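Structural description and commentary
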Amino acid sequence: MKELLTSDDLSELDSVQVTEPQETQTYHKCNEPPGHLLSSQNGSFMAFFKRNAFVVFSVTAVALGTGLGFALRHINMSARDITYLTFPGELLMRMLQMTVLPLIISSLITGMSSVDSKVYGRIGLRAFSYYMVTTLIAVFTGIALAVIIQPGNSSRNTSVSSSGKVEAVQSVDAFLDLIRNMVPSNLVEACLRKFKTVYFRSAPIGNHLGVINITEASKNRTSIDDRVPMPGSSDGVNILGLLVFSVAFGLILGSMETQGKPLRDFFDCLNKAILHLVNIVVWYSPVGILFLLAGQILKMTDTAEIGRELTMYTLTVITGLLIHSLFTLPLIYFVVTQKNPFRFMSSLLPALTTAFGTSSSSATLPVTLRCMEENHSMDKQVTRFMLPTGATMNMDGAALYEAVAALFIAQIHNMDFNVGQIIVLSLIVTAASTGAAGIPQAGMVFMVIVLSSAGLPTEDISLLMMVDWILDRLRTAINVLGDCIGVGVVHHLSRHELQSSRPAEESPMEESFQLCAS
């Protein structure tokens, strides 16, 4: 801690710039040649383009894909031709699915193993409790809005229906399946299949056991009571079981101290390597989105209806983000601290605008640290622990967005989720958003996890990308706001521990300032 504080203070002192008097600056500006002004303007334009290149490419890809799709609708392309057209987009989805397992396992194990309970103690416990509570609230807010508003429901007929896929599973068995999937018997099998209850019924004497026919059983209600649940499986990755194992393994690895350091370094290196790979895939995503979107438009039977549904989906997400940022988070802050939350939030505008502009919680971290430590005088023990951790673990906006998006796609395909499926969805979204990386468009990777775990078509992500460029920035700002509110809440709850430990840490800071002054 001493070295950390000393290096931070030195970096803050090194960042101080001596400004020239205004008259001298004016004299220099007036005597600059016109060519120098043009070069500076070109330099600023190039710098702006480099900072926002991905956004420019994504918006351009959405525009070109939409135009290409509508232009090709007049040709009446066959299903084979549409499949060939969407092949670059299929490659994008395969690359995203390829990175899902190593990314979420390495990120969760790395995050959990880095938590030192002996150092942070109650501060860490309060921080993680806050993360889990706010993320669950955000998930259920998104689910409630999607169920109430129904942004994906329409009267049009869709080519995909859930009538042949959804089996009648009792709520008790669905809950038990949830617990069984949380504890997989085989980790390798969990990468390929997940547990699912199937029903058998006892046939009359002399007959054998057979799988129940739901259609025939509906005609004979007495046979439904004779159904016997039997273990079965379904295709798809058991994300929930892998998440539980990764969290437990990471916590145990973090408690092993020096003995677990080689393995911690391995997963940390693996996480960084996968993130670099994800960055490469993300930069290819505009190409894949262009052709995926064109193919989706060619498959649409009513483009005006899907446009209205996308508008309702966007409004649903924005409404949920507003409820979470203007009601839920301020209410938590007021209940805990008994202070005005909006006065607290007013000094966070630099961090929120930076988050909106960069669409990255990690890139906003320096500005967030400055706002919390300088504007609110928060203790560095809290800020230096919670803000970096929250930039990768506390994703309230992403959790709300993923919950609404999953139910929106389910509603487009006329798939009705029961209570058990909604519980599973909420847990998967919470775990996926907790392991999400704080980089631009990382939510797209974890959206693949949510959709595949819920049995929804992943190619419909291209529809979401039409409006994701603005929703991604809004939910990033909400993520940063949740991190800052969490720092304020934990700082207030830990004020007694911080006061007792402050005298021991003031002397290193004073020594460092004296060394810098000398």
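Residues numbered from 1 in each chain as written. Predicted model: local features only at pLDDT ≥ 70, side-chain atom pairs only at ≥ 80, totals over all residues. Heavy atoms only, no water.

As annotated in an unreviewed UniProt entry, the protein chain is Amino acid transporter from Lates calcarifer. Quoted verbatim from the Sequence similarities (unreviewed entry) field of UniProt, the annotation for the protein chain is "Belongs to the dicarboxylate/amino acid:cation symporter (DAACS) (TC 2.A.23) family." (UniProt positions renumbered as here; feature names shortened; annotations may be inferred.)

**A short note on the overall build of the protein chain**
Looking only at helices and strands, the protein chain has 24 helices and three strands in total. A total of 518 residues make up the protein chain; the buried ones form 45% of that total. The contacts of the protein chain with a sequence gap of at least 6 include a subset with a gap of at least 24, amounting to 84%. Summed over all atoms, the accessible surface of the protein chain reaches about 26300 Å², with 63% contributed by carbon and sulfur. (Helix = DSSP H or I, 4+ residues; strand = E, 2+ residues; numbered from the N terminus. Buried < 20%, exposed > 50% of the residue type's maximum accessible area, 1.4 Å probe, protein only. Contact = heavy atoms within 4.5 Å. Areas by Shrake-Rupley, 256 points an atom, 1.4 Å probe, with all protein chains shown as cover.)

**Examining the pattern of salt bridges**
Across all of its chains, the model carries three salt bridges by this definition. As a salt-bridge pair, Lys261 and Asp265 come within 2.9 Å of each other at their nearest N and O atoms. Here the residue Lys261 and the residue Asp265 both occupy positions in helix α14 (residues 261-299), the gap between them amounting to four residues, near one helical turn. Here Lys261 falls in the partly exposed class, since its relative accessible area comes to 44%. Ionic pairing is found between Asp268 and Lys272, a salt bridge with its closest N-O pair at 3.4 Å. One end of the pair, Asp268, and the other, Lys272, are both in helix α14, four residues apart, so they sit about a helical turn from each other. Note on Lys272: relative accessible area 48%, which makes it partly exposed. (Salt bridge = Lys/Arg side-chain N within 4 Å of Asp/Glu carboxyl O.)

**Notes on the packing of helix α4 (residues 53-72) against α14**
At a minimum axis distance of 7 Å, the contact between α4 and α14 shows a crossing angle of 20 degrees. Put simply, α4 runs roughly parallel to α14. In this structure, α4 crosses over α14, and the sense of that crossing is right-handed. Taken together, the residues of the contact of α4 with α14 sort by class into 18 nonpolar, five polar and no charged. (Axes fitted to C-alpha atoms, helices over the stretch in contact; angles between N-to-C directions. Parallel < 35°, antiparallel > 145°, perpendicular 65-115°, else oblique. Left-handed = near helix turned anticlockwise from the far one by under 90°. Nonpolar A, V, L, I, M, F, W, Y, C, P; charged D, E, K, R; others polar.)

**Points about the UniProt feature "transmembrane region" (unreviewed entry) in the protein chain**
The sites that UniProt annotates as "transmembrane region" (unreviewed entry) are residues 53-75, 95-115, 127-149, 237-256, 277-298, 310-336 and 422-439. Its end C-alpha atoms 33 Å apart, residues 53-75 is made of 87% helix and 0% strand. Across residues 310-336, the secondary structure splits into 100% helix and 0% strand, with the terminal C-alpha atoms separated by 38 Å.

**Re the environment of Leu243**
Inspection of the secondary structure puts Leu243 in helix α13 (residues 239-254). Leu243 gets classed as buried once you look at its relative accessible area, which sits at 4%.

**With respect to the packing of aromatic side chains**
All told, the structure shown has eight aromatic pairs when counted by the stated rule. Connected via pairs of aromatic rings, a cluster forms that spans Phe245, Phe249, Phe266 and Phe267. The ring centre of Tyr401 lies 3.9 Å from the NZ or CZ of Arg475, which sits over that ring. (Phe/Tyr/Trp six-rings, centres within 6.5 Å; stacked < 30°, edge-to-face > 60°. Lys NZ or Arg CZ within 6 Å of the ring centre and 35° of its normal.)

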